[in-house]
Amino acid sequence: MPDNFSAFSSPDDPAGRRSAVYAIMAQIPPGKVISYGELAALAGLGRAARWVGRLMSQLPDDTTLPWHRVIAAGGRLSLPAGSAAGAEQRARLRAEGLTIVKDRVDMRRHGWRSTESSG
DNA sequence: CGAAGGGCAGTTT
DNA sequence: CAAACTGCCCTTC
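Residues numbered from 1 in each chain as written. Chains lettered and ligands numbered in written order. Predicted model: local features only at pLDDT ≥ 70, side-chain atom pairs only at ≥ 80, totals over all residues. Heavy atoms only, no water.

- Within an unreviewed UniProt entry, the label attached to chain A reads DNA base-flipping protein YbaZ, and the organism entered is Stutzerimonas balearica DSM 6083.

And the structure:
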């Protein structure tokens, strides 16, 4: 029930959306991952998945947010391993115990409960 | 049936 | 209007 997030942010406030996304990211547990779309949806942005990724790029280098736990849908890694962020994501994810195969992660095991059905 | 890869479309800046 | 760290559907192995 992401409706609660509206308590500290309003969808009408462009600045509030960012705070919402940051809040969701901070809620992502270690060893798990979430997709931009879900992150956007949970933040109340709806289908603004692209916008979330954009927000990541805007993140500062001194950010303490687990942005590396945010990946594409289905556990797909869009970030190129040749990029600093791309290599960083894979490096950090694996450091948490994830299993990356062919730029793919097991959402069945590492996917956040966002995609969980009943257990 | 399940997993992987490519193309078109929605949202925000 | 155009661009961007995406998402879902279809097809192939």
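Structure shown, so let's carry the discussion forward.
1. So, helix H3 (residues 49-58)
Okay, step 1: Taken residue by residue, H3 has Val52, Leu55 and Met56 as its buried positions. Buried residues of H3, viewed axially, fall in a sector of 105 degrees; they line one side. In H3, the exposed positions that point more than 90 degrees away from the buried face belong to Arg50, Arg54, Ser57 and Gln58. (Buried < 20%, exposed > 50% of the residue type's maximum accessible area, 1.4 Å probe, protein only. Helix = DSSP H or I, 4+ residues; strand = E, 2+ residues; numbered from the N terminus. Arc of directions from axis to C-beta.)

2. Considering the confidence of the model for chain A
As a general rule, the predicted coordinates of low-pLDDT regions are not to be interpreted in detail.
Okay, step 1: Of all residues in chain A, 82% attain a pLDDT of 70 or more, and the chain-wide mean is 81.
Okay, step 2: Averaged over each element, pLDDT in chain A is lowest for helix H1 (residues 14-27) (81) and highest for strand S2 (residues 70-71) (94).
Okay, step 3: Confidence over residues 1-11 falls short of pLDDT 50; this stretch has nine contacts with residues more than four positions distant or in other chains. (pLDDT = per-residue confidence, 0-100. Contact = heavy atoms within 4.5 Å.)

3. So, the protein's contact with DNA strand C
Okay, step 1: The local shell around DNA strand C holds 14 residues, among which Gly37, Arg54, Ala73, Ser78 and Leu79 are the closest.
Okay, step 2: Among the atoms of DNA strand C close to the protein, meaning within 4 Å, 51% are from sugar or phosphate groups.
Okay, step 3: A distance of 2.7 Å separates a phosphate oxygen of DNA strand C from a polar atom in the backbone of Gly37.
Okay, step 4: At a separation of 2.4 Å, a phosphate oxygen of DNA strand C approaches a polar backbone atom of Ala73. (Near = heavy atom within 4 Å. Polar contact = N/O pair within 3.5 Å; in protein donor to acceptor, adjacent residues only side chain to side chain.)

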